[in-house]
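# Structural features, examined
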Amino acid sequence: MKQKPRILVIDDDVDLVAVMKGTLESKAYDVIVAYNGKEGLEKAKKEKPDLILLDIMMPVMDGFNFAEQFSKDPSLKKIPVLALTSFSDSLGQPFPFEVSEYLRKPLKPKDLIAKVEEHLKRGGS
Amino acid sequence: MDSKLPKEEKEIGYTPEETALLMRVRVFVVLRWLAIIAIIVATLVASKAFHIGFPTLPVYIICAFMALYNLFMLILTRSLKALGTGFVVPRARAYGNIHIFLDMVTLTALLHFTGGIENPFIFFFVLHIIAVGIVLPYRSVYLLATEAILMVGLLVGLEYSGIMPHVNLGAFAPPEEWKDASRIVAVLVALAALLFSSAYMTTAISGELRKRQRQIVELGEQLLEKRTRELEQISSEVAKLEEERRHFARFLGVVAHDLQSPLVATQSFISYILDGFTGGITDGQRDLLERGVRRIDGLLTLITDLLDIPRIETGQITREMREISLNEVVKRSLDGLDNVAQQKGLTLKVEMPESSPKINGASRRLQQVVTNLVSNAINYTNEGMVLVRVTDNNNDVRVEVIDSGIGILPEDLPRLFNDFFRGSNVGSKGTGLGLSISKRIVEAHGGRIWAESPDPETKKGSRFTFTLPKKLAAAHEEKRE
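Everything numeric in this text was worked out from a predicted model, so none of it was measured.

The rules we used
Residues numbered from 1 in each chain as written. Chains lettered and ligands numbered in written order. Predicted model: local features only at pLDDT ≥ 70, side-chain atom pairs only at ≥ 80, totals over all residues. Heavy atoms only, no water. Phe/Tyr/Trp six-rings, centres within 6.5 Å; stacked < 30°, edge-to-face > 60°. Helix = DSSP H or I, 4+ residues; strand = E, 2+ residues; numbered from the N terminus. Buried < 20%, exposed > 50% of the residue type's maximum accessible area, 1.4 Å probe, protein only. Expected span 1.5 Å × (residues − 1). Contact = heavy atoms within 4.5 Å. Buried area = accessible area lost by both parts, 1.4 Å probe. Salt bridge = Lys/Arg side-chain N within 4 Å of Asp/Glu carboxyl O. Polar contact = N/O pair within 3.5 Å; in protein donor to acceptor, adjacent residues only side chain to side chain. Core = buried A, V, L, I, M, F, W, Y, C linked by side-chain atoms within 4.5 Å. Pairing = 2+ DSSP bridges. Axes fitted to C-alpha atoms, helices over the stretch in contact; angles between N-to-C directions. Parallel < 35°, antiparallel > 145°, perpendicular 65-115°, else oblique. Left-handed = near helix turned anticlockwise from the far one by under 90°. Nonpolar A, V, L, I, M, F, W, Y, C, P; charged D, E, K, R; others polar. Bend = angle between axes of the 7 residues up to and from the residue.

### Brief notes about the packing of aromatic side chains
- Tallying each qualifying case throughout the model produces 7 aromatic pairs over all chains.
- Their ring planes at 20° and their centres at 5.3 Å tell us that Phe66(A) and Phe70(A) sit as a pair that is stacked. Note that Phe66(A) and Phe70(A) are positioned in helix H3 (residues 63-72) at a spacing of 4 residues, about one turn of the helix.
- Between the aromatic rings of Phe248(B) and Phe251(B), the centroid separation amounts to 6.4 Å while the plane-to-plane angle is 15°, which identifies the pairing as stacked. Of this pair, Phe248(B) and Phe251(B) both sit in helix H7 (residues 181-274), 3 residues apart, which is roughly one turn of the helix.
- On the basis of relative accessibility, which here comes to 32%, the residue Phe248(B) falls in the partly exposed class.

### Examining helix H12 (residues 363-379) of chain B
Residues and elements named next belong to chain B.
- In a regular helix each residue adds 1.5 Å, so 17 residues correspond to 24 Å; H12 covers 24 Å between its end C-alpha atoms and thus fits that length.
- Taken across its 17 residues, H12 has 12 buried, putting it largely inside the fold.
- Where H12 is concerned, the buried positions are Arg 365, Leu 366, Gln 367, Gln 368, Val 369, Val 370, Asn 372, Leu 373, Val 374, Asn 376, Ala 377 and Ile 378.

### A closer look at the interface of chain A and chain B
- The interface of chain A with chain B comprises 24 residues on the first partner and 25 residues on the second.
- Summing both partners gives a buried area of about 2200 Å² for chain A against chain B, and 65% of it is carried by carbon and sulfur.
- Taken together, the links from chain A to chain B amount to 0 salt bridges.
- For the pair chain A and chain B, the interface holds 1 residue pair in polar contact (both at pLDDT 80 or more).
- At the level of elements, helix H1 (14-26) and helix H4 (109-124) of chain A are the ones that each hand at least two residues to the side of chain A that touches chain B.
- If you tally residues by element for the side of chain A that touches chain B, the top one is H1(A), at 6 residues.

### What about the nonpolar core?
All names here are of chain B.
- One finds Phe 125, Ile 129, Val 152 and Leu 195 to be the most contacted residues of the largest nonpolar core, which totals 54 residues.
- Residue assignment for this core shows that the elements contributing at least two residues are helix H2 (16-49), helix H3 (56-81), helix H4 (88-113), helix H5 (125-135), helix H6 (138-160) and H7.
- Setting aside residues up to four positions removed in sequence, Ile 129 forms contacts with Met 104, Val 141, Leu 144, Ala 145, Leu 195, Ser 198, Ala 199 and Thr 202.
- The next biggest cluster of nonpolar side chains, apart from the first, holds 42 residues, and it includes Ile 312, Val 330, Val 374 and Val 442.

### Describing unusual backbone geometry
- For the bond running from Ser453(B) to Pro454(B), omega is 0°, close enough to zero to count as cis.
- Residue Ala28(A) is not a glycine yet carries a positive backbone phi of 65°.
- In this fold, Ala28(A) is placed in the loop between H1 and strand E2 (30-34).
- For Ala28(A), a relative accessible area of 45% puts it in the partly exposed group.
- Phi is positive for Lys48(A), close to 45°, though the residue is something other than glycine.
- What makes Lys48(A) partly exposed here is its relative accessible area of 43%.

### Examining the sheet that holds strand E1 (residues 6-10) of chain A
All names here are of chain A.
- Read from one edge of the open sheet, 5 strands run E2-E1-E3-E4-E5, paired in parallel fashion. Edge positions in the open sheet fall to E2 and strand E5 (101-104), since each of these has one partner strand only. Across this sheet, the average inter-strand angle for adjacent strands is 20°, counted without regard to direction.
- Here 4 bridges tie strand E4 (residues 81-85) to E5, and the two strands are oriented parallel to one another. Residue pairing across strands places Leu 82 opposite Glu 101, the latter belonging to E5.
- Where H1 meets the sheet, it contacts E1, E2, strand E3 (51-55) and E4, and its direction lies at approximately 165° from that of E2.

### Some remarks on the packing of helix H10 (residues 326-333) of chain B against H12(B)
Residues and elements named next belong to chain B.
- Contact pair H10 / H12: the axes reach a minimum separation of 8 Å and the direction vectors enclose 55°. The orientation of H10 relative to H12 falls into the category oblique. Between H10 and H12 the crossing geometry is right-handed. Along its contact with H10, which presents Val 329, Arg 332 and Ser 333, the element H12 presents Ser 363, Leu 366, Gln 367, Val 370 and Thr 371.
- For the contact of H10 with H12, a count of residues per class yields 3 nonpolar, 4 polar and 1 charged.

### Let's talk about H7(B)
All names here are of chain B.
- Taking 1.5 Å of rise per residue, the 94 residues of H7 would be expected to cover 140 Å, and the 136 Å separating its terminal C-alpha atoms lies within 8% of that figure.
- At Gln 260, H7 shows its maximal bend, which comes to roughly 30°, and the proline Pro 262 appears one to four places after that position.
- Looking at the residues trailing H7, positive phi occurs at Gly 276, about 80°.

### Some words on the sheet that holds strand E4 (residues 385-392) of chain B
Residue and element names in this part refer to chain B.
- Strand order in this open sheet of 5 strands is E2-E4-E5-E7-E6, and the pairing throughout is mixed. Edge positions in the sheet fall to strand E2 (347-351) and strand E6 (448-452), since each of these pairs with one other strand and no more. Sheet twist, expressed as the average angle between the axes of neighbouring strands with direction ignored, equals 10°.
- Pairing of E6 with strand E7 (residues 462-469) involves 5 bridges; the strand directions are antiparallel. Along E7, the bridge assignment pairs Ile 449 with Phe 466.
- H10 contacts E2, E4, strand E5 (396-403) and E7 of the sheet and is inclined by roughly 165° relative to E4.

### Notes on the pattern of salt bridges
All names here are of chain B.
- Counted under the stated rule, the structure contains 28 salt bridges over all chains.
- Notably, a salt bridge pairs Arg 227 with Glu 230, separated by 3.4 Å at the nearest N-O pair. Of the two residues, Arg 227 and Glu 230 are both situated in helix H7; the distance of 3 residues between them amounts to about one turn of the helix.
- Owing to a relative accessible area of 33%, Glu 230 belongs among the partly exposed residues under this scheme.

### So, the side chain of Ser356(B)
Residues and elements named next belong to chain B.
- Counting through the fold element by element, Ser 356 comes out in the loop between E2 and strand E3 (358-361).
- Looking at Ser 356, its side chain comes within polar contact range of the main-chain nitrogen of Asn 327, at 3.1 Å.
- Each residue touching Ser 356, except ones within four places of it in the same chain, is listed here: Ser 325, Leu 326 and Asn 327.

### Remarks on the environment of Leu209(B)
- Looking at the secondary structure, you find Leu209(B) in helix H7.
- On a C-alpha basis, the gap between Leu209(B) and Glu17(B) in space is 9.8 Å, while along the polypeptide they are 192 residues apart.

### Observations concerning the packing of H2(B) against H3(B)
Residues and elements named next belong to chain B.
- Running from N to C, H2 and H3 point in directions that differ by 165°, and their axes come no closer than 10 Å. With respect to their mutual orientation, H2 and H3 come out roughly antiparallel. The crossing of H2 and H3 is left-handed.
- Taken together, the residues of the contact of H2 with H3 sort by class into 18 nonpolar, 5 polar and 3 charged.

Distances and angles like these do not, on their own, reveal function.
Here it is as structure tokens:
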């Protein structure tokens, strides 16, 4: 592998982002963070990450909007997206957009790493 | 207004007055055809059967002339239909005026060839005034009545003075009667009185009728306006309620997110420590942190449950409903639970019909119900089995969850589905909201849920049953957003 896999974390919860960043960096991933969907979309375009972790309920642009914009961009479409949903959001309407997988918060660090590795392997082949 | 009216007139949208006028003009055409036939028959009968002497040829010529202009009238009335609303009344009245004038002239000519003053049919002019009174405004009616009496007067006068020849009806009338001035005056006065009194009566009646017609239309319009206003009010109220409902749903979403976010974050921090990312921890620390994780899990479940109740009660669930396969719902609900059962040494059996019943329902919510019932069954069963059975009946489908567990105390059965109720023979596991939420979900689908303990078949444990109707009431089929 030429360089460290790059992961974009999009979540409005600063503390949670810090934990996720720490978890992923401990496994030698290059982590970029964004605190809302709009910022996330800009960073995704600029940095071309290998995987995106996406929160659904966020201010400015929520995860659904992000996924919609994201799927319209052919240069981004191939990047795997793992959507993180809170406990009760997921019981509402069915999600309108295709993402690689929906993960339910809270997520244990070990499980997070396992999921990230699984999708990177799938996408990177 | 009248269901017997031709369709096209309704489509053009004439006022009832215009429609009535058009219909009358058509009736006049028909009446004129009948009149022609009547004149021919009367002439034949008078000349052939009664041998009354009068020249029949001019009568037939006059009939032919009448037929000709009646045909013309027929074509004109047809062309009236092509006119839009608003133009019909003046046009129809103008045609009516012309034709009635023609009628007067032909009738006078007819009278001349059939004995003038001697002919009792002289009073047929009255019929015309009545006909005219129905169609034309009252001024025209009096005008035509005057016209009629003048024309008859002129005819009789000309014949009397010898300027025009008189046709004597031979066997029918005394030969010198037509020269009897006092009789002529008497007939003319009687005719005039009849003409003007008919004019008065018909215009009065038809004027009243027209007034009524307008009143009915006005009333109809007022009623329609009132109904429209009421409808607008109702729909604006509905829209307001819908808006409030949406606000509330959004509010609940925000509440859920804001209550859970700090817990989720805290949970992550603890997991981060537990998973050793911050270095090693002692067993004592691990024990306390794990207790912390469990308590937070419980709180997250409680928040979800608490927020589920208003979400279901405000009808959000009906928006999630679509056609779903019940077998699929049950299969998905058992995901992971078979492992839990196995770990406890229980057999988890599932019986489902081969072709899955299709129902209109909220898939995730029904999964929640089945998961809740089955995990309860596993929780309160220490040995034996848990059976999930789906049956397809005529009007509804039935899901049963049967266990061989500790059962439910008889005094607890009636309160089982109450909020925050926990059985007296179980610990303080769970939020006490699971069954009450399940009941709400099933009832939102138009179904029923109940519990029996011991299970009537196996005489042990308990059985939870819920039914879902196959065809949902219209209220549940509202449009999805």
